[in-house]
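Chain and residue survey
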Amino acid sequence: MLPCARAVRPAAAAGWACAGPWAFGRGAGQIRCRRIKHNFLKRKLIVKMYNQGARSKFRDVLLPPLVSAQELRILLRIDYKQCLQALGIRFFEGKHYWRDNDGRQFECVARPRVLVPFETAAKVCSMFALEPRLVDVEPHWQKSDFLIATPPVPVVAVLGHINHGKTTFLDTVSGSHSAPGEPGGITQNLRCFTTRVDTGAERGSAFFDRNRITFVDTPGHEVFEIMRGRAAEVADVAVILVSVEKGAEIQTEEVIQQADRFGVPLVFALNKVDLPHTHIDLARAELRRQCQSLFDKGLVSRDFSTAAEAALPMSGLKGTGVREVLRQVHEVLDEQKQVPIRFPESYCLTPGAANTYEHIWRRTVYLVDCHLQPPCVGVVLDVQQHTIRGKLITVVVKAGVVNVGDYFVCGSAFGRVSHLFSSGESLSTVTTVTSGLVAQVSGIRKMPRSKAPGDCAPGDTFMVLQRERAYRVSEYRRRMEMLSEQQASGPPMQFAWEHDAAIVSARSQAQEIDRATRNPEAPMSLSDWQRRREAIEELGDGYGAPVFSKGSVHDFEEEIPTHGELAEREAKEDDYEPILPGWDHHEERPPRRSGSKLSGMQVEDKPEPHLFVEPLETASDEEEEQPQRATGGRRSARRKRQQSEDPLEAEKKEWIYYTERKNWREDAQIDSGRTRLRVDEKLQAQAKAEEEAEQKLEEERQIVNELREKILQLSPRPPETEEQKRERERQKIAERTPAPLPPVGKPVIPIVLKARYIGVFDMLMDELERLSEEYDMRILVVHGGLGDVFLRDVVHAEVEKKYGWCPVYAFQVKCDKHAQEEASRLGIDVQYYELFTDFVDAVEYRCQIVARKRARREEAVSRRKPLMQQMKPPI
């Protein structure tokens, strides 16, 4: 008999299954449940759903795109073993193995983590006379579904080249003084604020707020291209400033292309007209020619030459012409007839299905109240780690209202709005944010039951939902992310809610942020460090000790000894070997020195073992032609027969008698040919088996697609084009191609980096990648994230100190008091930077020192190589 609801047993006991924060079992013909951790899901509603679904007269069952095996067994009222067998999940050596329709293979240990696609679950439900219906967990909305209480505030992005006066123009509009306080006199992050404007024009249409404008200030340096793209994506109008002193430059072309890509209308303004010796007509003509050239080359879809011809002269410093520019912004908005011009799209795959099947009780837990729509949506501009306020999400509200106390979903993160800060200079606290305003939201919850706590990144959609509904959506997204971690092979999984495909490190860094902020003072375990550490070595040549093994800046900057000093130093060592680095890789390498601190992961370039027999130089041809002594035995008779036979006939024989052949070279060639033939046959059989398995998988995929079309009543898919076939073949070849091995002897420079904004962190990662390619080195961020420098960061730097000098780079952040004391005690350098060019120059200087030491070492080795070859003992 199954345990009742009051039984004091673990949730994983027989008869119970964990779905969300509840454990479910069957007793007395009904489903019973008990709470495990937290009460994000309503207990009575879940119990009622399962019991009403079991007694329902409808045979329909609602399933999401990915179905959990533990929920499916509860819906079908079967045990785990039967459910897994029906789903085709194999169990071997403590692991579960399965695959989806796209060729992905998954493996996991715990049964609750098994997620199968809808087609597989639908096939099992059909065996139990149920009608599966696909309903997506993601909410569906349209722009007309949101209540517009107040006119939305337009969002204006100010774009342009560096030092063209964008921040000064916004200071004049808002009455602030941000430009003098910028490090280096340049903007390095997105700055958003809402201010009141007075254009002096007559009141027009009221479909947007004509008294306020939300401005987004963008950096103009070439390395901040992604930030400018985010600003253009959320903007309703883009104001492009061009300095009449310098004219249209490279970043001007880039921002025009980005605005055209997102369909944003443009307003051109010629800034710095107050400077002497400026020619406005010449700058306007150059700008018009640049826009016409972009259109002629096909780089933009619209011709902006007319808008460039109407560029307004202004002075951001003196305030001349600023009102005319704002008036032009309102005129462009009046032509658009709607604000915002770009609305966040829903990720729902089945629009309208949730309302159609609202009366069906038999469904999974994640589909409870799936018809509820979000009352507010927005777009995330950036994520930062504040010293006092914690993790803050900069959100541009697109529709609806955000209030303090609302529950939200952002990416796979779930939380409740604890504070709303106006995004500006003062960071004042507000209680309500309406459409078109920008706010910094705090309150992301940490999920204790899940190893993946959920994270968000710039570009994600911010949704306000009812508490239980928000938790289900975030939990479902986390389960999908955990499924991608369980993937063993096949094409990578793509998630609709992730918009940072071009930003590879943003989401992974966000996970590191959550891990560090939960307990910043916790020491790092050795297993945790080894799991995340890559080949860390300051100068790994693969042969012996590095040029410098001490972890101090003095040893790092110390020049390498000359040839004579180095030879004299090594001659005094007890373990000196006459065999030195610099030999051919196919020769035997010397063992590592006992005093070396280099233990990086090196891939030795040893020659592969030969599969075929090598001919042996045992005797000369003259010796082989000498007559052998006749014994008169059976061996002599066989030798005589083989000498009289044709060599081609001898190859066809099954066995080779080496003792009866006079030519050992011929024997080796014959045996190698037979070995080569056997290997070729084996490879051909393996390729044939793989081709048959691929054909079988394709047939199964076609059957599943037909079943899916039949169940969902979809129209048949169009036949596959030649381009799609070639793309599929390229993907197969890419999957079978092994990943390249890391190069041998390539210098690896460890970096410990902390920043405040995730967008800035991503920009710094791009710069490190550029330096890696320029200097032919591997610059690895072995530890990093957002927020101040804590004791954990110092511990990481101490570990890397054993492999070379590794300071902690703090970009626009501070250092904790305890971390500073520990760094001083251990001799760890903590370097602070406010300007990104200073940080890049520091890392580049480090690369130059490594390159110089590497060249000096290679020169010393090349000079000593002839001498050591003379000392090499004869063989």
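Below, the structure is looked at part by part. Owing to the predicted nature of the structure, the values given are computational and were not obtained by experimental measurement. (Residues numbered from 1 in each chain as written. Predicted model: local features only at pLDDT ≥ 70, side-chain atom pairs only at ≥ 80, totals over all residues. Heavy atoms only, no water.)

A closer look at the nonpolar core
Ile256, Phe268, Leu287, Val402, Phe836, Phe839 and Val843 are the most contacted members of the largest nonpolar core, which totals 86 residues. With 8 residues, the single largest contributor to this core is helix H22 (residues 758–775). Counting 61 residues, the second-largest nonpolar core is a separate cluster that includes Ile89, Val114, Val124 and Phe146. (Core = buried A, V, L, I, M, F, W, Y, C linked by side-chain atoms within 4.5 Å. Buried < 20%, exposed > 50% of the residue type's maximum accessible area, 1.4 Å probe, protein only. Helix = DSSP H or I, 4+ residues; strand = E, 2+ residues; numbered from the N terminus.)

Observations concerning the pattern of salt bridges
The full count for this structure, using the stated rule, is 22 salt bridges. A salt bridge links Asp60 to Arg133, with the shortest nitrogen-to-oxygen separation between them at 2.8 Å. In this pair, Asp60 sits in strand S4 (residues 60–63) while Arg133 sits in strand S10 (residues 131–134), placing the two residues 73 residues apart along the sequence. Look at Asp60 and you get buried, because its relative accessible area is 15%. Among the residues examined, Arg133 registers a relative accessible area of 17% and is labelled buried. One salt bridge in this structure joins Asp102 and Arg104, with 3.2 Å as the shortest N-O distance. A relative accessible area of 46% places Asp102 in the partly exposed class. Looking at Arg104, the relative accessible area reads 13%, which means it is buried. (Salt bridge = Lys/Arg side-chain N within 4 Å of Asp/Glu carboxyl O.)

Here's the deal with the packing of aromatic side chains
Evaluated as defined, the whole model comprises 13 aromatic pairs. One aromatic cluster is present, formed by Tyr407, Phe414 and Tyr471 through successive ring pairs. Positioned above the aromatic ring of Phe421 is the side chain of Arg389, whose terminal nitrogen or guanidinium carbon lies 4.5 Å from the ring centre. (Phe/Tyr/Trp six-rings, centres within 6.5 Å; stacked < 30°, edge-to-face > 60°. Lys NZ or Arg CZ within 6 Å of the ring centre and 35° of its normal.)

Quick word on the packing of helix H5 (residues 166–174) against helix H10 (residues 322–336)
Each packed pair of helices is defined by two parameters, the angle between the axes and the distance between the axes. Following both chains from N to C, one finds H5 and H10 inclined at 90 degrees, their axes separated by 11 Å at the closest point. The angle between H5 and H10 falls in the class roughly perpendicular. Along its contact with H5, which presents Phe169, Thr172 and Val173, the element H10 presents Val322, Val325 and Leu326. Across the contact of H5 with H10, the residue classes tally to 5 nonpolar, 1 polar and no charged. (Axes fitted to C-alpha atoms, helices over the stretch in contact; angles between N-to-C directions. Parallel < 35°, antiparallel > 145°, perpendicular 65-115°, else oblique. Contact = heavy atoms within 4.5 Å. Nonpolar A, V, L, I, M, F, W, Y, C, P; charged D, E, K, R; others polar.)

Here's the deal with unusual backbone geometry
Negative phi values dominate among residues other than glycine, just as trans dominates among peptide bonds. For the bond running from Val339 to Pro340, omega is 0 degrees, close enough to zero to count as cis. Along the polypeptide, Pro340 turns up in the loop between H10 and helix H11 (353–356). Backbone geometry at Asn163 places phi at a positive 60 degrees, although glycine is not the residue there. Relative to the assigned elements, Asn163 resides in the loop between strand S11 (155–160) and H5.

A few points about the pairing of strand S8 (residues 105–108)
Only one face of S8 is buried: it carries Phe106 and Cys108, and the other face, with Gln105 and Glu107, is open. Here strand S7 (residues 95–99) pairs with S8 via 4 bridges, running antiparallel. Its bridge partner being in S8, Arg99 is matched across the sheet by Gln105. Taken together, S7 and the strand that follows it, S8, pair antiparallel across an intervening segment of 5 residues, in which Gly103 is found at a positive phi of about 85 degrees. (Pairing = 2+ DSSP bridges.)

Some words on the packing of helix H23 (residues 791–801) against helix H24 (residues 817–826)
Look at H23 against H24: their axes get within 8 Å of each other, and the N-to-C directions meet at 20 degrees. Judged by the angle between their axes, H23 and H24 are roughly parallel. In this structure, H23 meets H24 at a crossing whose hand is right-handed. Across from Leu791, Val794, Glu798 and Lys801 in H23, the residues of H24 making contact are Ala819, Glu822, Ala823 and Leu826. Each residue belonging to the contact of H23 with H24 can be placed in one class, and the counts come to 5 nonpolar, no polar and 3 charged. (Left-handed = near helix turned anticlockwise from the far one by under 90°.)

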